[in-house]
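Structural features, examined
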Amino acid sequence: MHHEIQKMREIALVYLDRSGGLQKFMHDCKKYNDSKQSYAVYRFIISINPSDIAELDATLGNYILHNPIQAAQIFQSVCFIAIKTLSLIEQLETEAQISILLEPTHLPPLPSYVLSLSTFPFNYTSPQRFYMSEGIAIAMGTVTKYTQGARFLCTEETCPFSEGFKYIRVHLPGATESATVRNDFVCSLCSSPLQEDMKFRVLGDKQIVEMIDAKVLNALKGYSSDKSHFRIQTFTVFLRDELANQMKIGNHYKIIGIPACVQNGLQATACIEVNSVQLCKPNGPSFIGDNFKYLLSLTSRSCWRFTAILANIFASQVVPPGTYNTLKLTILLSLVQTCEKENADYLDLLIVTSDTLIIDRLLNYSICLLPRGIRHPPSSEILPSVSKDKHGTGSASIQACSTVLAKGGICYIGDLSSYKKDKLELLQSALESRMTTVFIPGKKYGEEADQQVTVSVQTNFWSFVNVDSSSRKHTQKDNLLIGQMDVSLIPPNLVDVFGLLIYNEFPSCQLSSPLVHHTLKKAINPEAMLHKVSQQFRTQDYEQFILFAKNLHVELSSEAENLIQGYYLASRRVRRDSIHGSTLSASALKTLISLSKAHTKLSLRQKVLEEDALIAILLLESSLKHGKSALCIAPNPVFPFDLSDENSLQQRDNYLMQCHHQLLKFIGAYGPGTHVNTNEE
């Protein structure tokens, strides 16, 4: 056995030399040596590529994968010999003072190396070895201190071990604080009690994170075509030292670590001591379905037809084609305008309706097209909250919420009028700044000072307002502008921060005959395909299409930018009153740009054209919160006709060209000094 250990030490040295690890190790030693301070523990991180080591020596590769704690001792011996031979750290006395953390770059892609708490049996702690797991961080504790290492001395003055660095205690995976530092240790030479030398205690950072399998997102959609059943359980992750604060709540991570079982009183918690953290970035499909490609080629002569047909046939499993076209178009625009970048172009939707059942079904169906489409349950929090850590540390733990879980996707919060005033105020603040702040009172959670943690809000919000509920609770206002609906149940400032306010086309008293027939047939046979287009453009096809379109990088053309700027300035001048000034909010410009980019993505283009800007302007102009202006448009300007054949599509194109010409006149009349392209088609 000694011969095998010696051989593995030699291979470990060769690997460190070839991989550049030895050079990094010497650089780390220089930092310790330059400090001229004596430490109880000198900690080093060694990056390990299991494939490279297995090629050098299969025995050492197997040892690292299946006995990482013992393998670290091999590297500990190699490092100690290197330090003494090359005189790298003058203060170092014993090998026990060296602490090695092995950081594997990856593990073999085999099922036996994957840890999952949704499968049986749970035999991950025997023996302690590396496993890979992945999930979403749903709760994060504040960073606290733990004992990384400590020096103990024999209390018997005549004992040789009453001085020096013979007894060094270091933290091991799964060990509690009491396992590292206790008062019942005895000297192996004279059996006298050992006492800690507090001057040499080494403290490190520790953070506790709760993670959960990404499959939980399917359970939070509210509706899904996936009928599979699975067990979901959170697991605790310990991030120590340089890994503390390496995770952000709501992100999807792949981790490599050693499972352990931590005892807290009568309760035992399964946890993972993490050695490596890697952010998982979603990869969108690099293709779209053949039917979409064919449709795109058929409509290539017009910049408006492709998206019009997409909206017309969208969600035919829920509503018949040709109904709710404006709403379905804005839903598609919001779906493709989702990403996990900060300062992105968000597109929130607020729908004014009396058909809450149909709208709810349509929105529920739509959020399932994204990996992170979350239906907010009324019993939980929309924004992050803070609670006491359940592992007995007494520290604060920030809990995720629907907004965080929907990161890079859609958070559907249901009926806005069902929330209390304080919740709506917090939501308004989050929509305005795209940030939310969690306050942690220090006194309550054992800290000296209060803390504030800022969490970014990177999601689109969908909601609706039931006008029947609004009219029952409030007297209908008499001074509403033509085309406006009473949404007085919702604070005006909150209505204003939503990107788009939409009034659906069919009031409940005037439901279209196809919609009634569709609803009744679906109630009788939920699995039935009522329309041929549902087979040609399946839900899976739309999922692929949206994931492809949302990842397109688009840029504004100068013509589109001039048109948007001209309309915005002219519209602000028209919509003024003597008391409040312009009634068009400054956020409308962001909404216009976001809508234009979204229409470009939906058209599978990468350059925003004037045609895209026109659709954005018409959608915003018909948005009820802004009322009427001198730009007189039809009540349903984006879909003024039923799209039944080629002639109706041509008729719509002609109408939109007229709208474009009318828009240029409007800008010329009310936006002096703005340069726009006035060439007529």
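The rules we used
Residues numbered from 1 in each chain as written. Predicted model: local features only at pLDDT ≥ 70, side-chain atom pairs only at ≥ 80, totals over all residues. Heavy atoms only, no water. UniProt positions renumbered as here; feature names shortened; annotations may be inferred. Helix = DSSP H or I, 4+ residues; strand = E, 2+ residues; numbered from the N terminus. Buried < 20%, exposed > 50% of the residue type's maximum accessible area, 1.4 Å probe, protein only. Contact = heavy atoms within 4.5 Å. Areas by Shrake-Rupley, 256 points an atom, 1.4 Å probe, with all protein chains shown as cover. Core = buried A, V, L, I, M, F, W, Y, C linked by side-chain atoms within 4.5 Å. pLDDT = per-residue confidence, 0-100. Pairing = 2+ DSSP bridges. Axes fitted to C-alpha atoms, helices over the stretch in contact; angles between N-to-C directions. Expected span 1.5 Å × (residues − 1). Phe/Tyr/Trp six-rings, centres within 6.5 Å; stacked < 30°, edge-to-face > 60°. Lys NZ or Arg CZ within 6 Å of the ring centre and 35° of its normal. Salt bridge = Lys/Arg side-chain N within 4 Å of Asp/Glu carboxyl O. Parallel < 35°, antiparallel > 145°, perpendicular 65-115°, else oblique. Left-handed = near helix turned anticlockwise from the far one by under 90°. Nonpolar A, V, L, I, M, F, W, Y, C, P; charged D, E, K, R; others polar. Polar contact = N/O pair within 3.5 Å; in protein donor to acceptor, adjacent residues only side chain to side chain.

Looking at an unreviewed UniProt entry, one finds the chain named Minichromosome maintenance domain-containing protein 2 and attributed to Leptosomus discolor. Here is the UniProt Function (unreviewed entry) comment for the chain, exactly as written: "Plays an important role in meiotic recombination and associated DNA double-strand break repair."

1. Quick notes on the overall build of the chain
Of regular secondary structure, the chain possesses 22 helices and 23 strands. Out of the 681 residues belonging to the chain, those deemed buried represent 52%. Across the chain, the fraction of contacts at a sequence separation of at least 24, relative to all contacts at a separation of at least 6, is 73%. Only carbon and sulfur atoms are counted for the fraction: they give 52% of the accessible area of the chain, which is about 32,500 Å².

2. Describing unusual backbone geometry
Look at lysine 36: it is not a glycine, yet its phi comes out positive at around 60°. Looking at lysine 36, the relative accessible area reads 60%, which means it is exposed. Of note, serine 87 is a non-glycine position whose phi angle comes to about 55°, a positive value. Summarising the element assignment, serine 87 is placed in the loop between helix 5 (68–86) and strand 2 (98–104).

3. Section: the environment of glutamate 163
Looking at the element boundaries, glutamate 163 is found in the loop between strand 4 (144–154) and strand 5 (167–170). For glutamate 163, a relative accessible area of 60% puts it in the exposed group. In this structure the C-alpha to C-alpha distance between glutamate 163 and aspartate 197, which are 34 residues apart in sequence, comes to 9.9 Å.

4. Notes on the environment of histidine 553
Take histidine 553: it is sitting in the loop between helix 18 (539–550) and strand 20 (555–556). Take histidine 553: its relative accessible area is 53%, and that puts it in the exposed class. Spatially, the C-alpha atoms of histidine 553 and lysine 597 are 9.2 Å apart, while their sequence positions differ by 44 residues.

5. Notes on the nonpolar core
Formed by 84 residues in total, the largest nonpolar core has its most connected members in Leu335 and Phe545. By size, the runner-up hydrophobic cluster in this structure holds 40 residues, among which are Ile46, Leu92, Phe130 and Met132.

6. A short note on the confidence of the model for the chain
Counting all residues, the mean pLDDT for the chain is 84, and 86% of those residues have values of 70 or more. Element-level pLDDT for the chain is lowest in strand 22 (residues 581–582), with a mean of 56, against a maximum mean of 96 in strand 23 (residues 607–608). Below a pLDDT of 50 lies the segment residues 470–485, which in the model reaches 27 contacts outside its immediate sequence neighbourhood of four places, other chains included. The model gives residues 506–510 a pLDDT under 50, and that stretch makes 8 contacts with residues more than four places away or in other chains.

7. Observations regarding the sheet that holds strand 19 (residues 500–503)
Here we have 5 strands laid out as an open sheet, ordered 12-15-18-11-19, and parallel in their pairing. This sheet does not close on itself; its edge strands, each paired only once, are strand 12 (373–375) and strand 19. Here the strands of the sheet are splayed against their neighbours by 20° on average, with no regard to which way each runs.

8. What to know about helix 10 (residues 325–336)
Taking 1.5 Å per residue as the helical rise, helix 10 with its 12 residues ought to reach 16 Å, and the 17 Å between its terminal C-alpha atoms agrees with that figure. Burial of helix 10 is extensive: 12 of the 12 residues sit out of reach of the surface. What helix 10 keeps buried is the set Asn325, Thr326, Leu327, Lys328, Leu329, Thr330, Ile331, Leu332, Leu333, Ser334, Leu335 and Val336.

9. With respect to helix 20 (residues 587–602)
Look at helix 20: 22 Å from first C-alpha to last across 16 residues, which is about the 22 Å you get at 1.5 Å a residue. Counted residue by residue, helix 20 has 13 buried out of 16 residues, so it is predominantly covered. Within two residues after helix 20, leucine 604 carries a phi angle of roughly 60°, on the positive side.

10. Thoughts on the packing of aromatic side chains
Tallied over the full model, the rule gives 17 aromatic pairs. Aromatic side chains phenylalanine 161 and tyrosine 167 sit 5.6 Å apart centroid to centroid with 85° between the ring planes, which places their arrangement in the edge-to-face category. Taking the relative accessible area as the measure of exposure, tyrosine 167 reaches 13% and is therefore buried. The structure contains a cluster of three or more aromatic residues connected by ring pairs, namely Phe292, Phe306, Phe314, Tyr365, Phe537, Tyr542 and Phe545. A cation over a ring is seen here: arginine 129 above tyrosine 113, with NZ or CZ 4.9 Å from the ring centre.

11. What to know about the side chain of serine 395
Relative to the helices and strands, serine 395 resides in the loop between strand 13 (385–388) and strand 14 (396–399). Those residues in contact with serine 395, other than ones at most four positions away along the chain, are Thr142, Thr144, Ser387, Lys388, Asp389 and Tyr445.

12. Regarding the pattern of salt bridges
Throughout the structure, instances matching the rule amount to 19 salt bridges. Salt-bridge contacts for arginine 43 lead to aspartate 241; the nearest nitrogen and oxygen are separated by 3.2 Å. With arginine 43 in strand 1 (residues 42–48) and aspartate 241 in the loop between strand 8 (235–240) and strand 9 (252–264), the pair connects residues that are 198 residues apart, well separated along the chain. Considered together, arginine 43 and aspartate 241 belong to a single accessibility category, that of buried residues.

13. Overview of the packing of helix 9 (residues 305–313) against helix 22 (residues 646–670)
In contact at an axis separation of 11 Å, helix 9 and helix 22 are set at 120° when each is read in the N-to-C sense. With respect to each other, helix 9 and helix 22 are oriented oblique. The two elements helix 9 and helix 22 cross, and the hand of that crossing is right-handed. Taken together, the residues of helix 22 that come into contact with helix 9 (itself represented by Arg305, Ala308 and Ile309) are Glu646, Leu649, Gln650, Arg652 and Asp653. For the contact of helix 9 with helix 22, the residue count by class is 3 nonpolar, 1 polar and 4 charged.

14. Looking at the pairing of strand 3 (residues 131–141)
Of all 11 residues in strand 3, 10 are buried, a share of seventy percent or more. When strand 3 meets strand 7 (residues 202–212), the two strands line up antiparallel, connected through 4 bridges. Within strand 7, the position partnered with alanine 139 by the bridge is glutamate 210.

15. Topic: the packing of helix 10 against helix 20
Here helix 10 crosses helix 20 at 90°, and the two axes come no closer than 8 Å. The pairing of helix 10 with helix 20 is recorded here as roughly perpendicular in orientation. Across from Leu329, Leu332, Leu333 and Val336 in helix 10, the residues of helix 20 making contact are Leu595, Ala598, His599, Lys601 and Leu602. In terms of residue class, the contact of helix 10 with helix 20 is built from 7 nonpolar, 1 polar and 1 charged.

16. Description of the side chain of asparagine 275
Its place among the elements puts asparagine 275 in strand 10 (residues 267–279). Reaching out from asparagine 275, the side chain makes a polar contact with the backbone oxygen of leucine 102 at a distance of 2.7 Å. Among residues more than four places away in sequence, those in contact with asparagine 275 are Leu101, Leu102, Glu103, Pro104, Phe130, Leu243, Ile256, Gly257 and Ile258.

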